[in-house]
Amino acid sequence: MDRTLVIIKPDAVQRGLTGRIVSRLEDRGLRILTLRMIRMTQTLAKSLYAVHEGKGFYPGLISYMTSSPVVLMVVEGRRAVDVVRKTMGATDPLEAVPGSIRGDWGLEIGRNLIHGSDSQESAAREIGIFFEEKDLLKYDREVERWVFE
Ligand code: IDP
Ligand code: MG
């Protein structure tokens, strides 16, 4: 089972989409290991997006991510990184397929509603920015034998 970090971004929280986004991830069969609402600090946002430092959109991205509360989730499942990325849709909502989160609710790349780690290595690093291992709850769900063969 893989883990990945999901962030419901400020625009999605402000627009009242939190519950529907959580539902889509649950519907997909992913197991929520933790879920928490925070106001992201500059330090946290800069650490999350360190790879984008120096790019033209970086200052706007940091101010967007720190502008209003976000919801952090760690989810687990088989190929969770890819499952979440597909459920999110492409980075630019205009390119995201209808049925994906960004494809249904987004119109602009700078307001694209949700973050998901892009690899298992990124997931491990990003989860570590916000959580300790003890924050990630271990439990069984009977339904999983009906989701995974
Ligand atoms: P991702 O979120 O799909 O992994 P990345 O390329 O890692 O996409 O970019 C991180 C975030 O930076 C995007 O989700 C988006 O919020 C923002 N971003 C990326 N490219 C642009 C851009 O060209 N203009 C404005 N914001 C951008
Ligand atoms: Mg990314």
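Below: a short report on this structure. (Residues numbered from 1 in each chain as written. Chains lettered and ligands numbered in written order. Predicted model: local features only at pLDDT ≥ 70, side-chain atom pairs only at ≥ 80, totals over all residues. Heavy atoms only, no water.)

1. Remarks on the pairing of strand E3 (residues 70-77)
Within a regular strand, side chains alternate between the sheet's two faces.
Link 1 in the chain: Burial of E3 is extensive: eight of the eight residues sit out of reach of the surface.
Link 2 in the chain: Neither face of E3 is open: one carries Val70, Leu72, Val74 and Glu76, the other Val71, Met73, Val75 and Gly77, and all of them are buried.
Link 3 in the chain: Note that strand E1 (residues 2-8) and E3 share seven bridges and pair antiparallel. Considered in E3, the bridge of Val6 is made with Met73.
Link 4 in the chain: By the bridge criterion, seven bridges tie strand E2 (residues 31-38) to E3 in an arrangement that is antiparallel. Bridge pairing in E3 links Ile38 to Val70. (Buried < 20%, exposed > 50% of the residue type's maximum accessible area, 1.4 Å probe, protein only. Helix = DSSP H or I, 4+ residues; strand = E, 2+ residues; numbered from the N terminus. Pairing = 2+ DSSP bridges.)

2. Points about the site of ligand 1
Link 1 in the chain: Near ligand 1 you find Lys9, Tyr49, His52, Phe57, Leu61, Arg85, Thr91, Arg102, Ile109, Gly110 and Asn112, and these make up its full shell.
Link 2 in the chain: With respect to ligand 1, the side chain of Thr91 contributes an N or O atom lying 2.5 Å from an oxygen atom.
Link 3 in the chain: For ligand 1, an oxygen atom lies 3.4 Å from a polar atom in the backbone of Ile109.
Link 4 in the chain: Starting from 520 Å² of accessible surface for ligand 1 in isolation, the protein chains cover 76%.
Link 5 in the chain: At a threshold of 2 Å from the grid points, most atoms of ligand 1 map onto the largest pocket.
Link 6 in the chain: Here the residues of the shell around ligand 1 sort into four nonpolar, four polar and three charged. (Near = heavy atom within 4 Å. Polar contact = N/O pair within 3.5 Å; in protein donor to acceptor, adjacent residues only side chain to side chain. Areas by Shrake-Rupley, 256 points an atom, 1.4 Å probe, with all protein chains shown as cover. 1 Å grid on protein atoms, 1.4 Å probe; cavity = no way out; pocket = protein on both sides within 12 Å on 5 of 7 lines; lining within 4 Å. Sits in = over half its atoms within 2 Å of the grid points. Nonpolar A, V, L, I, M, F, W, Y, C, P; charged D, E, K, R; others polar.)

3. Here we look at the sheet that holds E2
Link 1 in the chain: Taken together, the four strands give an open sheet; going across it, the order is E2-E3-E1-E4, and neighbouring strands pair in antiparallel fashion. Bordering the open sheet on either side are E2 and strand E4 (114-116), each of which pairs with just one other strand. Adjacent strand axes in the sheet meet at a mean angle of 15° when their direction is disregarded.
Link 2 in the chain: Seen against the sheet, helix H7 (residues 120-130) touches E1, E2, E3 and E4 and runs at an angle of roughly 60° to E1. (Axes fitted to C-alpha atoms, helices over the stretch in contact; angles between N-to-C directions. Contact = heavy atoms within 4.5 Å.)

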